[in-house]
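Structure at a glance
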Amino acid sequence: MIAPSPHTRAEDDAARREVLAVIDRLAAAWNRGDAAAYAAEFTADAPYITFMGTTYHGPAGIERSHAALFRRFLKGTRMHARVLSTSFPTDGVAVVVTEGDVTKRPPRRLAKVQAYTLVRTDAGWRVAAFQNTERKRLMEKVGIALTPEMRP
């Protein structure tokens, strides 16, 4: 059984605001095409898993890959995200799940789901792991139709 939070509601709300501020800073850096600021939000050994399955490690790998993407394929894109959930499984650890996408125009539908695991460090909250998954809505719909117990 998971023990209840030893923190007050105000402390929990403050931590939630701090964690969500990291997501806001990531989006702001992305929207500026600032790979260094984007990568600075990650821990030294953070795995960053793209929707294609490519994995980068730590700020250096994240910055290098995103600098190239911002110069080419993702130049001028904006990050769109909607927070689905925020939880604190243990003290100093947060998990944020979002729906999101990066596009040049506002998307009709957010096509991906992201999981951010954040840890509290001496420098504040940082992303310790990131996973981006492209939703396969048709496959999801068929799977649930065939196996209703799969419905979230």
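Residues numbered from 1 in each chain as written. Predicted model: local features only at pLDDT ≥ 70, side-chain atom pairs only at ≥ 80, totals over all residues. Heavy atoms only, no water.

1. Some points on the sheet that holds strand β4 (residues 93–103)
Here we have six strands laid out as an open sheet, ordered β2-β1-β6-β5-β4-β3, and mixed in their pairing. This sheet does not close on itself; its edge strands, each paired only once, are β2 (55–57) and β3 (78–90). Sheet twist, expressed as the average angle between the axes of neighbouring strands with direction ignored, equals 25 degrees. Bridge count for strand β1 (residues 47–49) against strand β6 (residues 124–134) is two bridges, and the pairing is parallel. Counterpart to Ile49 in the pairing with β6 is Gln131. Contacting β1 and β2, helix α3 (residues 58–71) crosses the sheet at an angle of about 130 degrees to β2. (Pairing = 2+ DSSP bridges. Helix = DSSP H or I, 4+ residues; strand = E, 2+ residues; numbered from the N terminus. Axes fitted to C-alpha atoms, helices over the stretch in contact; angles between N-to-C directions. Contact = heavy atoms within 4.5 Å.)

2. Observations concerning the side chain of His80
Assignment of secondary structure puts His80 in strand β3. A distance of 3.5 Å separates a polar atom in the side chain of His80 from the backbone oxygen of Arg78. In contact with His80, not counting residues within four places along its chain, are Glu99, Gly100, Asp101, Thr103, Arg105, Pro106, Pro107 and Leu110. (Polar contact = N/O pair within 3.5 Å; in protein donor to acceptor, adjacent residues only side chain to side chain.)

3. A look at the packing of aromatic side chains
Following the criterion strictly, the structure yields eight aromatic pairs and no others. Taken together, a centroid distance of 5.7 Å and an interplanar angle of 50 degrees make the contact between Tyr38 and Phe42 tilted. Considered together, Tyr38 and Phe42 belong to a single accessibility category, that of buried residues. Seen in terms of ring centroids, Phe88 and Trp125 are 6.1 Å apart; in terms of plane orientation they differ by 70 degrees. Their pairing is edge-to-face. Remark: Trp125 occurs in strand β6 and Phe88 occurs in strand β3; sequence separation between them is 37 residues. Taking relative accessible area as the criterion, Trp125 reaches 4% and is therefore assigned buried. Sitting above the plane of the Phe51 ring, Lys112 keeps its charged end 4.7 Å from the centroid. (Phe/Tyr/Trp six-rings, centres within 6.5 Å; stacked < 30°, edge-to-face > 60°. Buried < 20%, exposed > 50% of the residue type's maximum accessible area, 1.4 Å probe, protein only. Lys NZ or Arg CZ within 6 Å of the ring centre and 35° of its normal.)

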